[in-house]
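Next come the chains, spelled out residue by residue.
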Amino acid sequence: NTNKKNPNRMILFIKGRLKSFKYAFRGSYLLLKTEHSIIAQVLIFSVAIAIGLFVGISKQDWINQTLAMGLVLAIEGMNTAVEKLADFVHMEDHPKIEFIKDISAGAVTFAAFAFIIVSVLIYLPHIKSLL
């Protein structure tokens, strides 16, 4: 009967999702292991987290800071993927490849500026209260 749920189909779906998580975690590991920009950003974000714990930022500030950090890391990961793919497709210098890579790096810059703005909005009142 086609109206009944097929348990084998559900098992295959779950296995497929678990495999997707495996690839996602492997990709995250590779970014953290090999990409200097990701490593630097994680260090900067670790300092921001430590400062946030120290000054006791609000729940909403934690949400905003976390979203801003996630945005930077996600866009940086996509930038890395674009650069690796561009290098694979066309190893020699080429104006179109350089244009693509520059645009991808520009996207990271927008995300980084968003993180800086969020950080200033969160931490400036704490800095002012110390002065």
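Before reading further, recall that the structure is shown in the block above.
Participant: Would you mind going over the overall build of the protein chain with me for this structure?
Facilitator: The secondary structure content of the protein chain amounts to 4 helices and 0 strands. Ordering the α and β elements of the protein chain from the N terminus gives α-α-α-α. A globule of 131 residues ought to have a C-alpha radius of gyration of about 14 Å, yet the protein chain, at 20 Å, is considerably larger. By principal-axis analysis of the C-alpha atoms, the protein chain measures approximately 70 × 50 × 25 Å.

Participant: It is not clear to me how helix 2 (residues 36-55) should be interpreted in this structure. Could you clarify?
Facilitator: Residue pairs three or four apart in sequence face the same way in an α-helix, which turns once every 3.6 residues. The terminal C-alpha atoms of helix 2 lie 29 Å apart, and with 20 residues this matches the ideal 28 Å at 1.5 Å per residue to within 8%. Among the residues of helix 2, Ile38, Gln41, Phe45, Ala48 and Gly52 are the ones counted as buried. Buried residues in helix 2, looked at end-on, bunch into an arc of 80 degrees, giving them a common side. For helix 2, the exposed residues set more than 90 degrees away from the buried face come down to His36, Leu43, Leu53 and Phe54.

Participant: Would you explain a negative patch on the surface in this entry?
Facilitator: A cluster of acidic residues, Glu92, Asp93, Glu98 and Asp102, forms a negative patch at the surface. Here Glu98 lies in helix 4 (residues 95-130).

Participant: Honestly, the packing of helix 1 (residues 7-34) against helix 2 in this entry has me stumped. Any pointers?
Facilitator: Two quantities define a packed helix pair, namely the angle between the axes and the distance from one axis to the other. In the contact formed by helix 1 and helix 2, the axes pass within 5 Å of each other and the chain directions differ by 90 degrees. Classified by the angle their axes make, helix 1 and helix 2 are roughly perpendicular. Each of Leu31, Leu32, Lys33 and Thr34 in helix 1 lies in contact with helix 2, whose residues at this interface are His36, Ile38, Ile39 and Val42.

Participant: For this particular structure, what's the right way to read the packing of aromatic side chains?
Facilitator: The description of an aromatic ring pair uses the distance of the two centres, along with the angle that the planes make with each other. A full pass over the atoms with the stated rule returns 2 aromatic pairs. Judged by centre distance (6.3 Å) and plane angle (25 degrees), the ring pair of Phe21 and Phe25 falls under stacked. Taken together, the residues Phe21 and Phe25, both in helix 1 and 4 residues apart, mark about one turn of the helix. Phe25 matches Phe21 in its accessibility class, with the two residues each being exposed.

Participant: Help me understand the packing of helix 2 against helix 3 (residues 59-89), please; the structure alone is not making it clear to me.
Facilitator: The N-to-C vectors of helix 2 and helix 3 enclose an angle of 175 degrees; their axes lie 11 Å apart at closest approach. Taken as axis vectors, helix 2 and helix 3 run roughly antiparallel relative to one another. Contacts between helix 2 and helix 3 involve Ser37, Ile38, Gln41, Val42, Phe45, Ala48, Ile49, Gly52 and Leu53 from the former and Trp62, Gln65, Met69, Val72, Leu73, Glu76 and Gly77 from the latter. Its residues placed into classes, the contact of helix 2 with helix 3 shows 10 nonpolar, 5 polar and 1 charged.

Participant: Please explain a nonpolar patch on the surface as it appears in this structure.
Facilitator: A cluster of nonpolar side chains, contributed by Met10, Phe13, Ile14, Leu18, Phe21 and Phe25, occupies part of the molecular surface with about 670 Å² of accessible area. Judged by relative accessible area, which is 59%, Phe25 ranks as exposed.

Analysis parameters
Residues numbered from 1 in each chain as written. Predicted model: local features only at pLDDT ≥ 70, side-chain atom pairs only at ≥ 80, totals over all residues. Heavy atoms only, no water. Helix = DSSP H or I, 4+ residues; strand = E, 2+ residues; numbered from the N terminus. Rg over C-alpha atoms; globule rule 2.2 N^0.38 Å. Expected span 1.5 Å × (residues − 1). Buried < 20%, exposed > 50% of the residue type's maximum accessible area, 1.4 Å probe, protein only. Arc of directions from axis to C-beta. Patch = residues over 30% accessible without salt bridge, like charges linked within 9 Å, V, L, I, M, F, W, Y side chains within 5 Å. Areas by Shrake-Rupley, 256 points an atom, 1.4 Å probe, with all protein chains shown as cover. Salt bridge = Lys/Arg side-chain N within 4 Å of Asp/Glu carboxyl O. Lys, Arg positive; Asp, Glu negative; His and termini not counted. Charge placed at Lys NZ, Arg CZ, Asp CG, Glu CD. Axes fitted to C-alpha atoms, helices over the stretch in contact; angles between N-to-C directions. Parallel < 35°, antiparallel > 145°, perpendicular 65-115°, else oblique. Contact = heavy atoms within 4.5 Å. Phe/Tyr/Trp six-rings, centres within 6.5 Å; stacked < 30°, edge-to-face > 60°. Nonpolar A, V, L, I, M, F, W, Y, C, P; charged D, E, K, R; others polar.

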